[in-house]
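For reference, the chains in residue letters:
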Amino acid sequence: MAGKAVLPTGIENFEEMRTRGYYYADKTGLIRDLIKNTGKVNLFTRPRRFGKTLNVSMLKYFYETGCNRELFQGLEIYREKELCESYMGKFPVISISLKGVSGRTFDEAKGMMRSMIGEEALRFEFLAKSSRLSETERMQYRALIQVGKTGSFVMDDELLKCSLRVLSRFLHKHYGQPAMILIDEYDVPLDKAYHLGYYEDMAELIRALFGQALKSNDSLYFAVLTGCLRISKESIFTGLNNFKVYTVQDVRFHEYFGFTDTDVRKMLAYYGLEQRYDEIREWYDGYQFGNQGIYCPWDVINYCGDLLDANAVKPQNYWINTSSNDIVRKFVDKANAVARNEIEVLMEGGSIKKEIYQELTYRDLDSGIDFLWSILFTTGYLTQRRRDGDLTELVIPNREIHTIFARQIREWFAEETGKDSRKLAGFCRAFEENDTASIEEGFTSYLKKVISIRDTNVKKEMKENFYHGILLGIFGHMDDWDVRSNAEAGDGYSDIMIEAADKDIGIVIELKYAENGRFDAACSEALKQIREKKYAQCLIDDGMKTVYKYGIACYKKRCRVVSEAAG
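Structure report, in brief. (Residues numbered from 1 in each chain as written. Predicted model: local features only at pLDDT ≥ 70, side-chain atom pairs only at ≥ 80, totals over all residues. Heavy atoms only, no water.)

### Considering the sheet that holds strand 8 (residues 352-355)
Thinking step 1. Read from one edge of the open sheet, three strands run 8-10-9, paired in antiparallel fashion. Taken across any chain shown, the strands that pair with only one partner, and hence form the sheet edges, are strand 8 and strand 9 (383-388). Strand-to-strand twist of the sheet, defined as the mean angle between neighbouring strand axes without regard to direction, takes the value 35°.
Thinking step 2. Of the pairings in the sheet, the one linking strand 8 to strand 10 (residues 391-395) comprises four bridges and is antiparallel in character. Directly across from Lys354, in strand 10, lies its bridge partner Thr392.
Thinking step 3. On the sheet, helix 14 (residues 337-347) packs against strand 8 and strand 10 and is oriented at approximately 125° with respect to strand 8. (Pairing = 2+ DSSP bridges. Helix = DSSP H or I, 4+ residues; strand = E, 2+ residues; numbered from the N terminus. Axes fitted to C-alpha atoms, helices over the stretch in contact; angles between N-to-C directions. Contact = heavy atoms within 4.5 Å.)

### A closer look at the pairing of strand 11 (residues 482-489)
It is a general feature of regular strands that their side chains alternate between the two faces of the sheet.
Thinking step 1. Pairing between strand 11 and strand 12 (residues 492-500): seven bridges, direction antiparallel. Looking at the pairing, Ala487 lines up with Ser494 of strand 12.

### Let's talk about the side chain of Thr417
Thinking step 1. Note on placement: Thr417 falls in helix 16 (residues 399-418).
Thinking step 2. Owing to a relative accessible area of 4%, Thr417 belongs among the buried residues under this scheme.
Thinking step 3. Within the structure, the side chain of Thr417 is placed 2.7 Å from the backbone oxygen of Phe413, a separation counted as a polar contact. (Buried < 20%, exposed > 50% of the residue type's maximum accessible area, 1.4 Å probe, protein only. Polar contact = N/O pair within 3.5 Å; in protein donor to acceptor, adjacent residues only side chain to side chain.)

### Notes on the pattern of salt bridges
Thinking step 1. This structure, assessed with the given rule, holds 39 salt bridges.
Thinking step 2. With a shortest N-O distance of 2.8 Å, Glu279 and Arg276 are connected by a salt bridge.
Thinking step 3. In this structure, the salt-bridge partner of Glu432 is Lys503, at a minimum N-O distance of 2.6 Å. Of this pair, Glu432 sits in helix 17 (residues 421-432) while Lys503 sits in the loop between strand 12 and strand 13 (505-513), and the two are 71 residues apart along the sequence.
Thinking step 4. It is possible to trace a salt-bridge network through shared partners that takes in Arg32, Asp33, Glu76 and Glu80. (Salt bridge = Lys/Arg side-chain N within 4 Å of Asp/Glu carboxyl O.)

### Here we look at the pairing of strand 9
Thinking step 1. Judged from the five bridges that link them, strand 9 and strand 10 form a sheet pairing that is antiparallel. Paired with Gln384 across the two strands is Leu394, which belongs to strand 10.
Thinking step 2. Connecting strand 9 to the antiparallel partner strand 10 that follows it, the hairpin turn spans two residues, and Gly389 within it adopts a positive phi of roughly 65°.

### Some details on helix 14
Thinking step 1. Those residues of helix 14 not exposed but buried are Ala339, Glu342, Ile343, Glu344, Leu346 and Met347.
Thinking step 2. Those residues of helix 14 that are buried are in contact with helix 13 (326-334), strand 8, helix 15 (369-378), strand 10 and helix 16.

### Comments concerning the sheet that holds strand 1 (residues 41-45)
Thinking step 1. Read from one edge of the open sheet, five strands run 2-3-4-1-5, paired in parallel fashion. Edge positions in the sheet fall to strand 2 (93-97) and strand 5 (243-246), since each of these pairs with one other strand and no more. In this sheet, adjacent strand axes meet at a mean angle of 10° when their direction is disregarded.
Thinking step 2. With four bridges joining them, strand 1 and strand 5 adopt parallel strand pairing. The residue bridging Phe44 from the neighbouring strand is Tyr246, located in strand 5.
Thinking step 3. The sheet contacts of helix 2 (residues 29-37) involve strand 1, strand 4 (220-227) and strand 5, and relative to strand 1 the element is tilted by about 135°.

### Remarks on the environment of Leu159
Thinking step 1. If you trace the backbone, Leu159 turns up in helix 7 (residues 157-175).
Thinking step 2. For Leu159, a relative accessible area of 10% puts it in the buried group.
Thinking step 3. Beyond its immediate sequence surroundings of up to four residues, Leu159 is in contact with Gln140, Ala143 and Leu144.

### A closer look at unusual backbone geometry
Thinking step 1. You will see that Asn486, though not glycine, has its phi angle at about 50°, which is positive.
Thinking step 2. For Asn486, the location among the structural elements is in strand 11.
Thinking step 3. Positioned with a positive phi, Asn516 is a non-glycine residue whose angle comes to about 55°.
Thinking step 4. For Asn516, the position within the fold is in the loop between strand 13 and helix 20 (519-532).

### Things to note about the environment of Cys84
Thinking step 1. Among the structural elements, Cys84 can be located in helix 4 (residues 81-87).
Thinking step 2. By relative accessible area, Cys84 is classed as buried at 2%.
Thinking step 3. When the C-alpha atoms of Cys84 and Arg363 are compared, they prove to be 43 Å apart, with 279 residues separating the residues in sequence.
Thinking step 4. Not counting residues up to four positions away in its chain, the partners in contact with Cys84 are Phe62, Arg69, Ile77 and Tyr78.

Right, here's the structure in full:
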């Protein structure tokens, strides 16, 4: 790919993107639309990994005094001559990210907040000598950037709370122009504080910080904030009147966060990957922001990079490596019978209708299942298809998110299975005793309890993976079994292979999905595959004196089991 732009994996700085040869999907139209529709304070809520940080960086480099105009040459905004003349490089800009404010204690997190604001204040070190500031103001500025013996910023709590307001006032006096304030990932400290037990303290600090900087601040031109959740006004944004919020349900600005279909097609054509369009659409498309279909850019960029580097030949789950996915597990844990049935509908490719609560607090994570639907929606694990009055039709957006739900459901089921050790032991003992009736009865019982994660739209092999995963979750509790999944055996790879070494018993299992309930044909196919691929031979070679071969056919929440001994 000589001469091609580099794929911007993990690049969130606009200047770096434009000066170091990275591919850039042009989102500068956001600047034009924001100028024409701006409020005093503008909050954009989108899931993580949809380009919020890069867009904040883009705004900073466009508006900031002394900007490099060449960064925008050839881009959409550069064609707006009058807007560029009036706004480009005309304002002092304060730009901070709260993404890294994640201390284990409130004091530690507060120290990170001091560092983040202190580092930003250091960009304006000329203020310490500015003739447009009084000596008292210059002293106050120096207090913002003062460090102690350990090298840490030491501004006191009161100064920390008013730091953004004070800095904007000093910049206003120095430049004669009010400042812009950009705050990226504003809700991350609240997320961390909720999980680590100091939510109230952090909420109070951020309420004070934002209240000082964003409310009745004559030195503020306008502000842009980004985050995942729209935190309720009562908890954070008290008293902000000129406050516009743009969520994933809003049409305005819908195309500027994430990749549109046009963006993806252009990128694939540029790198000669057009033949991968259908699989990229299946795995990473499916989000709907406003009325615009959107792909997750993090996934598309990473997969294209892996394809070009020959690190992958099929789509990967990139989202799962960037988020703990705790919210999905919390949801599965809390789901009652009705919610579990609704999850099954979603996992089968269907939709459900729910009322979405737009204003949330992190306490709502523990307030009940109704709030968790809303949080799954705002964080990108569900997306909308249409709105019907107060109800929103929700679906799982794509194959990638489907696999995340599937994994969390399997882990939940494995833990639930382990709680009944007696039933578990009896089920596993049936495999050692070649008791197909008990295996069939036991597996059917488990299938009736598990949340089904089948998807009517997926290939037969992926449906089989569901049942495969359920069995592995059950067998994982058997400490005296050596369980191998998709292990090389004979002339291929067996689904599941087990050695009960202390009993000299070997077990080979091949799972098949019984299309339309054709159990007998599927079981016969499974046993035939075991024989023809000689899966049992490696167990015999390992010294297993008794080897059982099982063909298991599954359809919905039923199964059939047939077996034969290795000859």
